[in-house]
Amino acid sequence: GESVGLHLPTLSVQEGDNSIINCAYSNSASDYFIWYKQESGKGPQFIIDIRSNMDKRQGQRVTVLLNKTVKHLSLQIAATQPGDSAVYFCAETVTNAGKSTFGDGTTLTVKP
Amino acid sequence: NAGVTQTPKFRILKIGQSMTLQCAQDMNHNYMYWYRQDPGMGLKLIYYSVGAGITDKGEVPNGYNVSRSTTEDFPLRLELAAPSQTSVYFCASSRSQPGKNNEQFFGPGTRLTVL
């Protein structure tokens, strides 16, 4: 069946370093992907998305890379700050399916 | 806009009790979703709705019911609460279906404990 999983459940980085969070997906028909950030006690919030016709998309301090060949997605955060500490989820979607599938999440901890 | 609102924030139920988790959005979104999130886990889709009067099952619908009589509201009903339903419940909405460069907006969650 469909599944979205993450390679590393926890990640600890020093403030100012770059962070890389990985995600594997199994549905080759997925054509739209979103990264969400969930701070403690809150609902997930959109960070960045990417469609399957792209392999890279950049936002402010964040970059998402998509490798369709190996069905892998990554989120790169530049100059990680304490406010980046959260759980990060990737979600995959098949257009017209009406719903997304979420991975289990990676907990990012930023040490001052 | 208030976005997506959920009530209550916390609730403790006894086994066999019933309750309704309320969700409302003021963004005129067509799509609405209910997820549950168990500790240390991701989001599992319970039910979703593509518009008023239309609902469909997600991954884990057993033990739950929904209705969508208006665009704004999407309540989730638990009829006979069980300990396995202890979780944090998130409601979300989106303008249209995912996959059209379209993100979901999440509410703050309802933390439910069944004892």
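Below: a short report on this structure. Since we're looking at a predicted model, the values are computed, not measured. (Residues numbered from 1 in each chain as written. Chains lettered and ligands numbered in written order. Predicted model: local features only at pLDDT ≥ 70, side-chain atom pairs only at ≥ 80, totals over all residues. Heavy atoms only, no water.)

1. Some thoughts on the state of the cysteines
Residue and element names in this part refer to chain B.
Here is step 1 of the chain: Tallied over the full model, the rule gives two disulfides over all chains.
Here is step 2 of the chain: Between the sulfur atoms of cysteine 23 and its disulfide mate cysteine 91 the distance is 1.8 Å. The sign of the -70° torsion about the S-S bond sets the cysteine 23-cysteine 91 disulfide as left-handed. Taken together, the residues span a long stretch of sequence, with cysteine 23 in strand 3 (residues 19–25) and cysteine 91 in strand 9 (residues 87–94) at a distance of 68 residues. For the pair cysteine 23 and cysteine 91, one class covers both residues: buried. (Disulfide = S-S within 2.5 Å. Helix = DSSP H or I, 4+ residues; strand = E, 2+ residues; numbered from the N terminus. Buried < 20%, exposed > 50% of the residue type's maximum accessible area, 1.4 Å probe, protein only.)

2. A word on the packing of aromatic side chains
Here is step 1 of the chain: Throughout the structure, instances matching the rule amount to ten aromatic pairs over all chains.
Here is step 2 of the chain: Taking the ring centre of phenylalanine 74 of chain B as reference, the NZ or CZ of arginine 68 of chain B above it sits at 5.9 Å. (Phe/Tyr/Trp six-rings, centres within 6.5 Å; stacked < 30°, edge-to-face > 60°. Lys NZ or Arg CZ within 6 Å of the ring centre and 35° of its normal.)

3. Thoughts on the interface of chain B and chain A
Here is step 1 of the chain: Contacts between the two partners involve 22 residues from chain B and, on the opposite side, 22 residues from chain A.
Here is step 2 of the chain: Between chain B and chain A lies a buried interface of about 1,800 Å² when both sides are counted; carbon and sulfur atoms form 53% of it.
Here is step 3 of the chain: Scanning the region where chain B abuts chain A turns up zero salt bridges.
Here is step 4 of the chain: Across the contact surface, chain B and chain A share two residue pairs in polar contact (both at pLDDT 80 or more).
Here is step 5 of the chain: At the level of elements, strand 4 (31–37) and strand 5 (43–51) of chain B are the ones that each hand at least two residues to the side of chain B that touches chain A. (Contact = heavy atoms within 4.5 Å. Buried area = accessible area lost by both parts, 1.4 Å probe. Salt bridge = Lys/Arg side-chain N within 4 Å of Asp/Glu carboxyl O. Polar contact = N/O pair within 3.5 Å; in protein donor to acceptor, adjacent residues only side chain to side chain.)

4. Some thoughts on the side chain of aspartate 49 of chain A
Here is step 1 of the chain: You can see aspartate 49 of chain A is positioned in strand 5 (residues 45–51).
Here is step 2 of the chain: Among the polar contacts listed, one links the side chain of aspartate 49 of chain A to the side chain of tyrosine 32 of chain A, at a separation of 2.6 Å.

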